[in-house]
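Report on the structure
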Amino acid sequence: MKQIGYLLLVMVVLFSCKKEKKEIMNGVPELVQEEKAPPVIKEFGYVLNDFNVVRDTIRSGDSFGAIMDFHGIGTAKVFEITNAIKDTFNVARIKAGKPYTLLKSKDTTDKVQVFVYQDNKIDYTVIDLRDSISARKNKKPVALVEKVASGTINSSLMQTFDDMDLNFLVAYNMADIYAWTIDFTRLQAGDRFKVVYTERFIDDSIPAGVDQIKASYFEHRGKSIYAFRFMDDSINKSMDYFDEKANNLRRAFLTAPVKFSRISSRYNLKRRIKYYGNKIRPHRGTDFAAPVGTPILATSDGIVTKSERKGGNGKYVKIRHNATYDTQYLHMSKQAVKVGQFVKQGDVIGYIGMTGNTSGPHVCYRFWKNGKEVDPFREDLPASKPLADSLRTGFYNHIKPLRTQLDSILFKPEKPKKPEEIL
């Protein structure tokens, strides 16, 4: 028994020595690892760690009052809030689908202290209920990231962007830039493009849309067309796109009244229709097929002279552009303009439909020159004024590095160019 007791005593002493040795090594106490503090999260100008955070989305039928009531704020207080902030924010205009955030106190009351309504990914409104009721509009900080892309058309511009997992908004913007010079309903397999653009990012990671196209190159039917963004009016701060020779890419008329549609029937004065016994029935317009509800665009600035429904035309709009040109847009499901209204090029004037004599959804686009219906695709339509001589030196200096950058972008799967081949 004495031996067992002795052994137990030795073991306790050895264990104590090891523990002491571990705690004091060479006279230096071992550092005790402290728990890491949670990361500080900031958003909307607040440290979210200081609140209980509730995130939700406005649902159909929701109102500001109903949301507040659900979180413990009564009718009288809601009335006080809406009156205090009415000059900054109209609570009656909150929309279904928009996100909102509630910051609530971290105590037993769980009281709402801040309400944040997000108009979009960037813009938001803060209603602070803490000391005194106040409201302010603000924007999330946005970083611009420059990107480049290139591709070869197989079927359509949109399909090519989709296949390459590129932002489709770049395709839309390119279509706007080249709307006067390229018929996007007649792209050919093998047409190619390059583009330099900037994209918006919130918190360096959340995409917030395309900012602008700085420069692009489109090779259509073997013809190369450069486009460079440049300020052509310093007073009004207006920007436009010019080719490498400072010619404005804008024309007096768009090539089509619908984006990314297809031509289902062209202008043809000798067209024969089987339904009418193969008799000649002249077609004095160009049909652009697209789904019902697709926006129809004014192809040039002008005054609306007709917006009505009549016979085989169905619902239609006619625009007087100047003493020489008029355009007409037939078979709409709905007009979006009134007689006497001034419209600008690219404005939505109606929507694709099937009213009047039509076998499918499309817009029949008719074009008059000096009172006579003509084929706009066979007309030498006027171009916009080129860049002023006084701005050309600055323009050429501006586009030089952009052109070098464009020319160095490869068309996949091309092999890399040698430095001497870039320019």
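Presented here is an overview of the structure given in this document. Model, not experiment: these values are computed from the prediction.

A few points about the sheet that holds strand E6 (residues 99-104)
Pairing is antiparallel in the open sheet, where 5 strands are placed in the order E5-E6-E7-E8-E9. Each edge of the sheet is formed by a strand with only one pairing partner; in this case those strands are strand E5 (52-57) and strand E9 (134-139). Shown here is a sheet whose adjacent strand axes are inclined to one another by a mean of 20 degrees, direction ignored. Relative to E6, E5 runs antiparallel, the two sharing 6 bridges. Bridging across to E6, Arg 55 finds its partner in Thr 101.

A short note on helix H3 (residues 75-85)
Val 78, Ile 81 and Ile 85 are the residues of H3 that are buried. End-on view of H3: buried residues confined to an arc of 60 degrees, all on one side of the axis. Turned more than 90 degrees away from the buried face of H3, the exposed residues are Thr 75, Ala 76 and Phe 79. Packing partners of the buried residues in H3 comprise helix H2 (64-70), strand E8 (123-128) and E9.

Digging into the environment of Asp 232
Relative to the helices and strands, Asp 232 resides in strand E13 (residues 223-233). Spatially, the C-alpha atom of Asp 232 lies 9.6 Å from that of Phe 242, the residues being 10 residues apart in sequence.

Some points on the pairing of strand E12 (residues 206-220)
Across 10 bridges, strand E11 (residues 192-202) lies against E12 in antiparallel orientation. In the strand pairing of E12, Phe 193 is matched with Phe 218. Where E11 folds back on E12, the antiparallel hairpin that results is connected by 3 residues, among which Asp 203 adopts a positive phi of roughly 55 degrees. Pairing analysis gives 6 bridges linking E12 to E13, with the strands arranged antiparallel.

Side note on the packing of aromatic side chains
Scanning all chains against the criterion turns up 21 aromatic pairs. Consider the rings of Tyr 46 and Phe 51, whose centres lie 6.1 Å apart with planes at 85 degrees: the pair is edge-to-face. For the pair shown, Tyr 46 and Phe 51 are each scored as buried. Grouping aromatic residues by their ring pairs yields a cluster made of Phe 253, Phe 288, Tyr 325, Tyr 329, Tyr 365 and Phe 367. For Arg 403, the ring lying beneath its charged end belongs to Tyr 226, and the centroid distance is 4.6 Å.

What counts and how
- Residues numbered from 1 in each chain as written.
- Predicted model: local features only at pLDDT ≥ 70, side-chain atom pairs only at ≥ 80, totals over all residues.
- Heavy atoms only, no water.
- Pairing = 2+ DSSP bridges.
- Helix = DSSP H or I, 4+ residues; strand = E, 2+ residues; numbered from the N terminus.
- Axes fitted to C-alpha atoms, helices over the stretch in contact; angles between N-to-C directions.
- Buried < 20%, exposed > 50% of the residue type's maximum accessible area, 1.4 Å probe, protein only.
- Arc of directions from axis to C-beta.
- Contact = heavy atoms within 4.5 Å.
- Phe/Tyr/Trp six-rings, centres within 6.5 Å; stacked < 30°, edge-to-face > 60°.
- Lys NZ or Arg CZ within 6 Å of the ring centre and 35° of its normal.

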